[in-house]
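Survey of secondary and tertiary structure
Each chain, letter by letter, is given below.
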Amino acid sequence: MKLKQWFATWSRKIHRWIGLYFALIVVLYLVESLTLPAIYGEGLPTVDGTPPANAITNTEPLLSQQQAIQRLLEQQPQGIHALEEINEITYLPKEDLYRLANSDRFFEWYIDSHTGELLKYGFKIAPYLEEQTLLGWWSPWAHAILEVPGLLLMIVLAVSGVYMFILPFLPKTEPDLSPWVLPK
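Residues numbered from 1 in each chain as written. Predicted model: local features only at pLDDT ≥ 70, side-chain atom pairs only at ≥ 80, totals over all residues. Heavy atoms only, no water.

Concerning helix H4 (residues 140-166)
Relative to the 39 Å expected for 27 residues at 1.5 Å per residue, H4 spans 39 Å between its end C-alpha atoms, a close match to the ideal helical length. Listing the buried residues of H4 in full gives Ala142, His143, Leu146, Gly150, Leu157, Ser160 and Tyr163. The secondary structure elements touched by the buried residues of H4 are helix H1 (3-40) and helix H3 (125-132). (Helix = DSSP H or I, 4+ residues; strand = E, 2+ residues; numbered from the N terminus. Expected span 1.5 Å × (residues − 1). Buried < 20%, exposed > 50% of the residue type's maximum accessible area, 1.4 Å probe, protein only. Contact = heavy atoms within 4.5 Å.)

Brief notes about the packing of H1 against H3
Contact pair H1 / H3: the axes reach a minimum separation of 11 Å and the direction vectors enclose 125 degrees. Classed by the angle they form, the pair H1 and H3 counts as oblique. Between H1 and H3 the crossing geometry is right-handed. Across the interface between the two elements, Tyr29, Ser33, Leu36, Pro37 and Tyr40 from H1 touch Ile125, Tyr128, Leu129 and Gln132 from H3. (Axes fitted to C-alpha atoms, helices over the stretch in contact; angles between N-to-C directions. Parallel < 35°, antiparallel > 145°, perpendicular 65-115°, else oblique. Left-handed = near helix turned anticlockwise from the far one by under 90°.)

What to know about the packing of aromatic side chains
In the structure shown here, the tally under the stated rule is 10 aromatic pairs. Seen from their ring centres, Tyr21 and Phe22 are 5.4 Å apart, and the 75 degrees between their planes marks the pair as edge-to-face. On the numbers, 5.5 Å between centres and 85 degrees between planes, the contact of Phe106 with Tyr128 is edge-to-face. With Phe106 in the loop between strand E3 (97-102) and strand E4 (107-112) and Tyr128 in helix H3, the pair connects residues that are 22 residues apart, well separated along the chain. Judged by its relative accessible area of 5%, Phe106 is buried. By relative accessible area, which is 3% here, Tyr128 ends up buried. Members of the aromatic cluster, each reached through a chain of ring pairs, are Tyr40, Phe106, Phe107, Trp109, Phe123 and Tyr128. (Phe/Tyr/Trp six-rings, centres within 6.5 Å; stacked < 30°, edge-to-face > 60°.)

So far we have only geometry, and geometry alone does not tell us how the molecule works.
Rendered as structure tokens:
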């Protein structure tokens, strides 16, 4: 078998099996992206990470970070049970808001920086899906076992796919019919 034919045959086989691997990965991702946010989101609405428009211009003094956290806890929003669960607090000067978050559980809350009123809160689904799907919710190494080979197999797919694409355009070689070789 000639090298060109051998490579074409193996490119098709590689595409078939790697395609099956990626089909299983896609099914796993779809199942996880549909079920896990409902489980880990604790019934919170989803947020897109953009702060709400705070149209209220307030003349009250700006709350300190500790006061903002206390005002948030006084309102008893969903997803937070204790002060220790807040591991990020950021003042957003353009919007005049505080953004409080639990980055481990992908929750965030936006409160007015003067009154402490809760304006928006919820579960950040996009970063959750990026980090926790493909078995990342179970263990980081399980996620790596699926993701790293997938990236390497993507390179193999690209190389063999390019070859399969250009194969019809390659010049066809004529069989050698010299007098000392008998055709079968």
